[in-house]
Amino acid sequence: MGDVAVGVKRGSDELMSTSVYNSGSDMSSISDVTANGSDSKSNGSDSKKLRVEDRMEAPPSRVLHIRKLPNETSESEVIALGLPFGKVTNILTLKGKNQAFLELGTEEAAITMINYYSTVTPHVRNVPVFIQYSNHKALKTDSGNQRAQAVLQAVSAVQGGGTPTSGSIVDLTAASSPVLRIIIDNMFYPVTLDVLQQIFSKFGTVMKIITFTKNNQFQALLQFNDPPTAQQAKIALDGQNIYNSCCTLRIDYSKLVNLNVKYNNDKSRDYTRPELPAGDGQPAMDPNMAAAFQGKDSNSLLGGLSPLNAAAAAAAAAGRVALSGHSGSSGVLLASNLNEEMVTPQSLFTLFGVYGDAQRVKILYNKKDSALIQMADANQAQLAMSHLNGQKMHGKAIRVALSKHTSVQLPRDGLDDQGLTKDFTNSPLHRFKKPGSKNFQNIFPPTTTLHLSNIPTDVTEEDLRLLFSNAGGTVNAFKFFQDHKMALLQMSTVEEAIQGLIDLHNYNMGDNHHLRVSFSKSTI
């Protein structure tokens with residue numbers, strides 16, 4: 001498959017016989033239209049005319065034309081592309097041609113959808129698809145399109161806060177429980193509890209979530225307020241990828257009908273009871289986040305995003321990961337406006353290592369206020385750039401951008417580059433070597449509050465306060481977790497926290513206890 005673009009170019013299949021879309025028309029008339037959009041009986045001049053018209057742009061319309069769909073794409077998968085942007089009012093699938101038409105409730109919703117997919121390539125079953133405006137202002141289908149209409153009725157009922165009527169769903173297993181069991185296959189990037197809430201809340205009220213690891217797989221139990229909502233979420237999201245080519249959702253109904261959540265933390269949450277304790281040394285739910293979920297529709301946090309990319313956007317909104325969809329970009333970053341008197345490859349490795357596994361770092365020989373940092377992949381580079389650009393390091397606001405380079409070259413053998421280049425490929429300090437690592441769930445932008453772990457039992461609060469004060473800052477607050485192996489430490493500024501992390505992450509506290517330092521979303 002060639003490169004896929006997203007835009008408003010009029011597709012050849014827009015030129016199908018208009019009788020297909022007229023009320024009461026015979027659906028079999030589709031068979032009289034060839035794959036390239038021309039009538040099978042057209043002569044050569046007609047085909048040429050169609051190819052010329054193919055290059056015309058269609059004006060905005062609430063009907064969107066979707067092409068290059070994978071074989072056997074379901075109606076629910078097509079509907080899922082449009083759900084986040086507004087009410088889906090009609091659908092027509094042309095399965096023999098791998099195409100579909102999707103009608104949204106308003107033209108504004110369609111424009112939002114086209115604008116969004118002009119920056120993030122839409123995918124269905126891992127395959128990039130092409131979305132554009134249709135020349136038709138409304139989509140009319142006949143009663144022969146029963147299954148599509150049945151799925152659409154179920155969607156409409158959930159969107160409108162109702163319950164699908166009996167018999168409205170054809171060949172779909174009825175949900176007996178409001179609880180879904182979710183397994184994440186190929187989990188290469190983080191999937192947090194907040195990410196799941198953002199995705200699934202598009203379909204209704206998420207009451208409770210419990211996440212856990214079983215058989216080396218990240219899993220979750222998620223409870224909606226009623227079984228029909230769980231059913232619609234399963235129809236739309238089962239088999240979808242959260243990120244491009246990975247983190248596939250496998251969804252089934254749970255035998256449980258109610259979840260018992262004891263703690264609100266990064267592993268479990270009851271959105272109906274924000275007062276629950278954090279427990280088990282896990283960070284408590286942020287008070288602002290709790291207020292946002294209490295009695296409010298959190299759908300607005302995602303705006304107009306597709307469920308196919310919703311987790312990436314949700315995580316970005318929560319300050320965790322950058323938007324995916326930039327798979328063509330480089331994994332090499334250019335950091336500039338560095339303090340050349342203070343910066344070292346090690347300090348850059350430590351800071352950028354909060355957001356990915358930095359492989360190589362090179363401070364430029366003729367411009368020592370700039371450096372190249374090679375991350376493990378383009379997504380990690382995007383993540384580091386989104387969180388670190390503009391942050392202060394060693395007294396200067398650093399600039400971080402994607403580099404035109406595709407890799408950082410090591411100096412030739414025998415060439416002394418004064419230690420400006422360092423290879424960290426095999427460093428034991430990489431935080432994200434293991435897919436599904438819990439470190440993926442604790443990625444936050446730089447904040448004044450640092451999370452400390454791996455603290456020896458004989459180290460006191462005063463010891464840690466002194467340690468971070470000597471790093472060049474003021475410790476405003478400190479809090480041990482119950483087991484004293486972890487703590488929160490709040491510096492007076494974000495710059496001081498960044499400096500403390502650079503200086504003291506992996507600091508040897510004695511008896512081979514190396515301190516682990518990361519940014520925290522919590523406050524003290």
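The shown structure was predicted, so the numbers you read here are calculated from the model rather than taken from an experiment. (Residues numbered from 1 in each chain as written. Predicted model: local features only at pLDDT ≥ 70, side-chain atom pairs only at ≥ 80, totals over all residues. Heavy atoms only, no water.)

### Description of the overall build of the chain
Logical step 1: Looking only at helices and strands, one finds 12 helices and 23 strands in the chain.
Logical step 2: Within the chain, the proportion of its 524 residues that are buried is 53%. (Helix = DSSP H or I, 4+ residues; strand = E, 2+ residues; numbered from the N terminus. Buried < 20%, exposed > 50% of the residue type's maximum accessible area, 1.4 Å probe, protein only.)

### Regarding the sheet that holds strand 6 (residues 130-133)
Logical step 1: The 4 strands lie next to each other as 2-3-1-6, forming an open sheet whose pairing is antiparallel. For this open sheet the edge positions go to strand 2 (88-94) and strand 6, each flanked by a neighbour on one side alone. In this sheet, adjacent strand axes meet at a mean angle of 20 degrees when their direction is disregarded.
Logical step 2: Inspection of the sheet shows strand 1 (residues 63-67) paired to strand 3 (residues 99-104) by 4 bridges, in the antiparallel sense. Residue pairing in the sheet places leucine 64 in a bridge with leucine 102 of strand 3.
Logical step 3: Sheet strands in contact with helix 2 (residues 75-82) are strand 1, strand 2, strand 3 and strand 6, and its direction is about 135 degrees off that of strand 2.
Logical step 4: Contacts between helix 3 (residues 107-117) and the sheet are confined to strand 1, strand 3 and strand 6, with strand 6 contributing the most and set at about 140 degrees to the helix. (Pairing = 2+ DSSP bridges. Axes fitted to C-alpha atoms, helices over the stretch in contact; angles between N-to-C directions. Contact = heavy atoms within 4.5 Å.)

### Quick word on unusual backbone geometry
Logical step 1: With a phi angle near 60 degrees, asparagine 337 is a residue other than glycine that sits in the positive phi range.
Logical step 2: Its location among the elements puts asparagine 337 in the loop between strand 13 (332-336) and helix 9 (345-352).
Logical step 3: Unusually for a residue other than glycine, asparagine 454 sits at a positive phi of about 60 degrees.
Logical step 4: Tracing the backbone through its elements, the reader meets asparagine 454 in the loop between strand 20 (449-453) and helix 11 (461-470).
Logical step 5: Asparagine 454 gets classed as partly exposed once you look at its relative accessible area, which sits at 35%.

### As for the pairing of strand 15 (residues 371-374)
Consecutive residues of a regular strand have side chains that alternate between opposite faces of the sheet.
Logical step 1: Neither face of strand 15 is left uncovered, since the one carrying Ala371 and Ile373 and the one carrying Leu372 and Gln374 both have all their residues buried.
Logical step 2: Of the strand pairs in this sheet, strand 13 and strand 15 are connected by 4 bridges, and their pairing is antiparallel. Looking across to strand 15, one finds that valine 332 is bridged to glutamine 374.
Logical step 3: Bridge analysis of strand 14 (residues 360-363) against strand 15 gives 4 bridges, and the strand direction is antiparallel. Each bridged residue has a counterpart across the sheet, and for isoleucine 363 the counterpart in strand 15 is alanine 371.

### Some remarks on helix 3
Logical step 1: Buried within helix 3 we find Ala109, Ala110, Met113, Ile114, Tyr116 and Tyr117. On an axial view of helix 3, the arc spanned by its buried residues comes to 165 degrees, and they lie on one face.
Logical step 2: If you follow the buried residues of helix 3, they end up packed against strand 1, helix 2, strand 3 and strand 6. (Arc of directions from axis to C-beta.)

### Examining the sheet that holds strand 22 (residues 487-491)
Logical step 1: Strands sit in the order 21-22-20-23 across an open sheet of 4 strands; the sheet is antiparallel. Sheet topology places strand 21 (475-480) and strand 23 (516-519) at the edges, where each strand pairs with a single neighbour. Each neighbouring strand pair of the sheet contributes to a mean axis angle of 20 degrees, computed without reference to strand direction.
Logical step 2: Here 4 bridges tie strand 20 to strand 22, and the two strands are oriented antiparallel to one another. Residue pairing for strand 22: histidine 451 is matched across the bridge by leucine 488.

### Re the packing of helix 9 against helix 12 (residues 494-504)
Logical step 1: Close contact between helix 9 and helix 12 brings their axes to 9 Å; oriented N to C, the two are set at 110 degrees. Comparing their axes, helix 12 and helix 9 come out roughly perpendicular. Crossing geometry of helix 9 relative to helix 12 is assigned as right-handed. Only Ile498, Leu501 and Ile502 of helix 12 make contact with helix 9, whose side of the interface consists of Ser347, Thr350 and Leu351.
Logical step 2: Counted by class, the contact of helix 9 with helix 12 contains 4 nonpolar, 2 polar and no charged residues. (Parallel < 35°, antiparallel > 145°, perpendicular 65-115°, else oblique. Left-handed = near helix turned anticlockwise from the far one by under 90°. Nonpolar A, V, L, I, M, F, W, Y, C, P; charged D, E, K, R; others polar.)

### What about the confidence of the model for the chain?
Logical step 1: Per-residue confidence for the chain averages 74 on the pLDDT scale, and 70% of its residues sit at or above 70.
Logical step 2: Across residues 1-56, where pLDDT falls below 50, the model places 95 contacts with residues more than four positions away in sequence or in other chains.
Logical step 3: Across residues 281-328 the pLDDT falls below 50, and counting only partners more than four positions away or on other chains, this stretch makes 120 contacts in the model. (pLDDT = per-residue confidence, 0-100.)

### Re the pattern of salt bridges
Logical step 1: This model, assessed by the stated rule, comprises 11 salt bridges.
Logical step 2: The partner of aspartate 266 in a salt bridge is lysine 521, with the nearest N and O atoms 3.5 Å apart. Taken as a pair, aspartate 266 in the loop between strand 11 (246-253) and strand 12 (268-270) and lysine 521 in the segment after strand 23 lie far apart in primary sequence, 255 residues in all. Comparing aspartate 266 with lysine 521, the two get one shared label, buried.
Logical step 3: One salt bridge in this structure joins arginine 273 and glutamate 275, with 3.3 Å as the shortest N-O distance.
Logical step 4: The exposure class assigned to arginine 273 is partly exposed, which follows from its relative accessible area of 38%.
Logical step 5: Several salt bridges share partner residues, and in doing so they unite Asp194, Asp266, Arg269 and Lys521 into one network. (Salt bridge = Lys/Arg side-chain N within 4 Å of Asp/Glu carboxyl O.)

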